[in-house]
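Observations on the three-dimensional arrangement
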Amino acid sequence: TLQALYAEDAWQFANQWLLMAGIRHDVADVSRDELVSGTDFDTTLRGNAWRLGLTYQLTPATSLYAQASTGHDPVTSIITMNLRNSNFTLTKGKQVETGIKQSLGNGLGEWTAALFRIDKDDIITRDPDRPALSVQGGKQSSKGIELTGLIHASKALRFEGNIAYVDAKFDRLLEGSKGVDRAGNRPSNVPRMTANLWGHYRTGPWQASLGMRYVGDRFGDNANTVRMPSYVVTDAVLSWDMNPRTTLRLVGRNLTNRLYATYAYSGNQWL
């Protein structure tokens, strides 16, 4: 059972300044019946989070913003939580971001640029004195930049896309029964570069869209010894506005029928 209580507000204290704030309290009551091993358990996870943002309207078309926030997650998925990790507390995260948003003249489009940093504490690591024992205390972080844009090339043709670069690493992590130090390594399944580009053409109630998704290479293990290759996937969508309340879509995914790896469960098991 998941329950949450939150409050948020925005305060425009001058013509050009907007302050936003929010707080949230989460409660997760978890109950698991182990039909095979009989190691049933019940546990409750609680966490608090907040966010604070400030926006400055530099011109009618351009705004600068900065925000900070915190968050929390279980050390594993709630659905797959077992007795061994049910006593761990929530991991804690914090993020800071700053950026610029601008609208182009005459409705031509808009673009956004953002810089960010994310830190996550209390991930599972190994006890330095007893490497066979899993404990909380690990840390990972990431920093990066993201650019997004939208262009109306004509009344019928529209392009949109984004590109992001992320530098992610473990700051503290001991792994394996011998407590091998992974500090400085990139976490598995995290690409440095991702990008999306879509084109949309509309005529009357019909719209045809063609898009490409790029995901850079990733490591299949935290030791960074197994590398999954990058990939590009092409998708297409044909939409028909049947009436003002109903749209039908035909979606084609991976039009080139390419085989690619999206996720690694281990160094030798990929999805």
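Criteria and thresholds
Residues numbered from 1 in each chain as written. Predicted model: local features only at pLDDT ≥ 70, side-chain atom pairs only at ≥ 80, totals over all residues. Heavy atoms only, no water. Helix = DSSP H or I, 4+ residues; strand = E, 2+ residues; numbered from the N terminus. Buried < 20%, exposed > 50% of the residue type's maximum accessible area, 1.4 Å probe, protein only. Contact = heavy atoms within 4.5 Å. Phe/Tyr/Trp six-rings, centres within 6.5 Å; stacked < 30°, edge-to-face > 60°.

Along the backbone of the chain there are zero helices and 18 strands. For the chain, the spread of C-alpha atoms along the three principal axes comes to 65 × 55 × 40 Å. Burial analysis of the chain (271 residues in total) assigns 28% to the buried set. For the chain, contacts bridging at least 24 residues in sequence account for 50% of all contacts bridging at least 6.

On to the environment of Val-27, then. By the secondary structure assignment, Val-27 is in strand E2 (residues 17-32). Spatially, the C-alpha atoms of Val-27 and Leu-2 are 5.9 Å apart, while their sequence positions differ by 25 residues. Not counting residues up to four positions away in its chain, the partners in contact with Val-27 are Thr-1, Leu-2, Gln-3, Thr-44, Leu-45 and Arg-46.

Here we take up the packing of aromatic side chains. For the structure shown, the criterion picks out six aromatic pairs. Taking the centre distance of 5.1 Å and the plane angle of 45 degrees together, the rings of Trp-11 and Phe-13 count as tilted. Residue classification places Phe-13 among the partly exposed residues on the basis of a relative accessible area of 37%. The structure contains a cluster of three or more aromatic residues connected by ring pairs, namely Trp-11, Phe-13, Trp-17 and Tyr-56.

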